Amino acid sequence: MATTPRRTPWRRLEVFSKIFSHEALESYLPKIQLVIKDTLRAWSSNAEPINVYHEAQKLTFRMAIRVLLGFRIPDEELGRLFEVYQQFVENVFSLPVDLPFSGYRRGIRARETLQKGLEKAIQEKLQNTQGKDYADALDILIESGKEHGKELTMQELKDGTLELIFAAYATTASASTSLIMQLLKHPRVLEKLREELRSKGILHNGCICEGSLRLDNINSLQYLDCVIKEVLRLFTPISGGYRTVLQTFELDGFQIPKGWSVMYSIRDTHDTAPVFKDVDVFDPDRFGQGRSEDKDGRFHYLPFGGGVRTCLGKHLAKLFLKALAIELASTSRFELATRTFPKITLVPVVHPVDGLKVKFFGLDSNQNEILTGTDAMLGATV
């Protein structure tokens, strides 16, 4: 039995389909590349190891603010807004006990501060429309309201903005951290990625060829797609989701009545699905043409949920992860800064307990390590 998507006056499903359409993703891609390049450059220039999970959260927040929403917020102000947003997210699911020092009260205060910052950014964006070379998600949101004869209120714009940030933040940061950890654990996978980039004319003499990273080119990279799929299979950021039963059905001899709320587990599905062999092994080739383990049957592989309620931002998330993997394989060398890999915790999303401490090194066009200013000076004095 089909479900009817819940609609708001500005047709939420229709709007989000436009925001994450092929054309929109094509226009976001160059901006996503720039954000990732700048971030990896900053990671490589840091003399000390970085906390990957924390930095990945900053990266995905910056991507949401700069690319999805098109806000021109100075770096210092963006940093403050990130700290406020983190405080909001950390307390968003607190018990609703409104006491002065409760997590609930901290979350409320953080939300109020965040909404003020977003309102300022929205107002500045509405007043300054010059110099734009693409329509961002907020532009599409505003235009869609006008198409349906409704001028969105500031509150609706702030709510839509917050929803877009939330969608692009925690789960993508989790998956980005898992990707980096698996590339560290499996150097042969990283080298195979580089071989594919070379064979497709994307990577040449240690540099990404200018104009080679178009959406169709990225989507043609089969092994890269396998790597991202395997990261999301083995390290699905969230455990599962809730659904409402639309029609009474029977499962393993138990009757599930219409109207009940049920929870499905993504992680358990991936762990127990009979189509996957050696489920605990990181093996991107399981998704290759020779095996295609995910093609046998429905709902065995669902990192973004399934059915009409599947994650609307899944194509953006996969594009971001692919762009990150390409930059990591092309322009960075990185190594674990601890003796062993950290344990993984599953709440609130999958992430290493210590954040994953990694030292990044920049590479020149010949894949040689670029020394930081301090290292170069020390080398010169020896």
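Residues numbered from 1 in each chain as written. Predicted model: local features only at pLDDT ≥ 70, side-chain atom pairs only at ≥ 80, totals over all residues. Heavy atoms only, no water.

If you look the protein chain up in an unreviewed UniProt entry, it shows as Cytochrome P450 26B1 from Chloebia gouldiae. Recorded in UniProt for the protein chain, the comment headed Cofactor (unreviewed entry) runs: "heme". (UniProt positions renumbered as here; feature names shortened; annotations may be inferred.)

Draft legend 1. Fine view of the overall build of the protein chain. Counting secondary structure elements, the protein chain contains 13 helices and 12 strands. Here the C-alpha radius of gyration of the protein chain, 22 Å, is about what a compact globule of 382 residues would show, namely 21 Å. With 382 residues in all, the protein chain has 45% of them scored as buried. Intrachain contacts of the protein chain at a sequence separation of at least 6 include 72% that bridge at least 24 residues. (Helix = DSSP H or I, 4+ residues; strand = E, 2+ residues; numbered from the N terminus. Rg over C-alpha atoms; globule rule 2.2 N^0.38 Å. Buried < 20%, exposed > 50% of the residue type's maximum accessible area, 1.4 Å probe, protein only. Contact = heavy atoms within 4.5 Å.)

Draft legend 2. Spotlight on the nonpolar core. Among the nonpolar cores identified, the biggest contains 92 residues, and Tyr 28, Ile 32 and Phe 360 are the most heavily contacted of them. Top element by residues in this core is helix 7 (residues 154–185). It accounts for 12 residues. Counting residues in hydrophobic clusters, the runner-up holds six residues, among them Ala 273, Val 275, Val 279 and Phe 287. (Core = buried A, V, L, I, M, F, W, Y, C linked by side-chain atoms within 4.5 Å.)

Draft legend 3. Just the pattern of salt bridges, in detail. Under the defined criterion, the tally for this structure stands at 28 salt bridges. We note a salt bridge from Lys 192 to Asp 285, for which the minimum N-O separation is 3.1 Å. Placement of the pair is Lys 192 in helix 8 (residues 187–199) and Asp 285 in the loop between helix 11 (266–272) and helix 12 (314–331), with a sequence separation of 93 residues. (Salt bridge = Lys/Arg side-chain N within 4 Å of Asp/Glu carboxyl O.)

Draft legend 4. Spotlight on the UniProt feature "binding site: heme" (unreviewed entry) in the protein chain. The UniProt record marks Cys 311 with the feature "binding site: heme" (unreviewed entry), using the residue numbering of this structure. Tracing the sequence through the fold places Cys 311 in the loop between helix 11 and helix 12. On the accessibility criterion, Cys 311 (33% relative accessible area) is partly exposed.

Draft legend 5. Expanded view of helix 5 (residues 103–127). For helix 5, built from 25 residues, the straight-helix expectation of 36 Å at 1.5 Å per residue is met to within 8% by its first-to-last C-alpha distance of 36 Å. Taken together, the buried residues of helix 5 touch helix 4 (75–91), helix 6 (137–147) and helix 7. (Expected span 1.5 Å × (residues − 1).)

Draft legend 6. Broad picture of the packing of aromatic side chains. Under the counting rule described, the total for this entry stands at 13 aromatic pairs. Between the aromatic rings of Tyr 85 and Tyr 169, the centroid separation amounts to 4.9 Å while the plane-to-plane angle is 90 degrees, which identifies the pairing as edge-to-face. Taken together, the residues Tyr 85 in helix 4 and Tyr 169 in helix 7 connect sequence positions 84 residues apart. Three or more aromatic residues joined by ring pairs make a cluster, and in this case those are Phe 61, Phe 82, Tyr 85, Phe 88 and Tyr 169. Sitting above the plane of the Phe 276 ring, Arg 233 keeps its charged end 5.4 Å from the centroid. (Phe/Tyr/Trp six-rings, centres within 6.5 Å; stacked < 30°, edge-to-face > 60°. Lys NZ or Arg CZ within 6 Å of the ring centre and 35° of its normal.)

Draft legend 7. Inspection of the packing of helix 1 (residues 12–19) against helix 6 at higher detail. Following both chains from N to C, one finds helix 1 and helix 6 inclined at 140 degrees, their axes separated by 9 Å at the closest point. As summarised for this structure, helix 1 and helix 6 are arranged oblique, according to the angle between their axes. Along this stretch, helix 1 crosses helix 6, giving a crossing that reads as right-handed. Mapping the contact onto sequence places Val 15, Lys 18 and Ile 19 in helix 1 and Ala 137, Ile 140, Leu 141, Ser 144 and Glu 147 in helix 6. Partitioning the contact of helix 1 with helix 6 into residue classes produces five nonpolar, one polar and two charged. (Axes fitted to C-alpha atoms, helices over the stretch in contact; angles between N-to-C directions. Parallel < 35°, antiparallel > 145°, perpendicular 65-115°, else oblique. Left-handed = near helix turned anticlockwise from the far one by under 90°. Nonpolar A, V, L, I, M, F, W, Y, C, P; charged D, E, K, R; others polar.)

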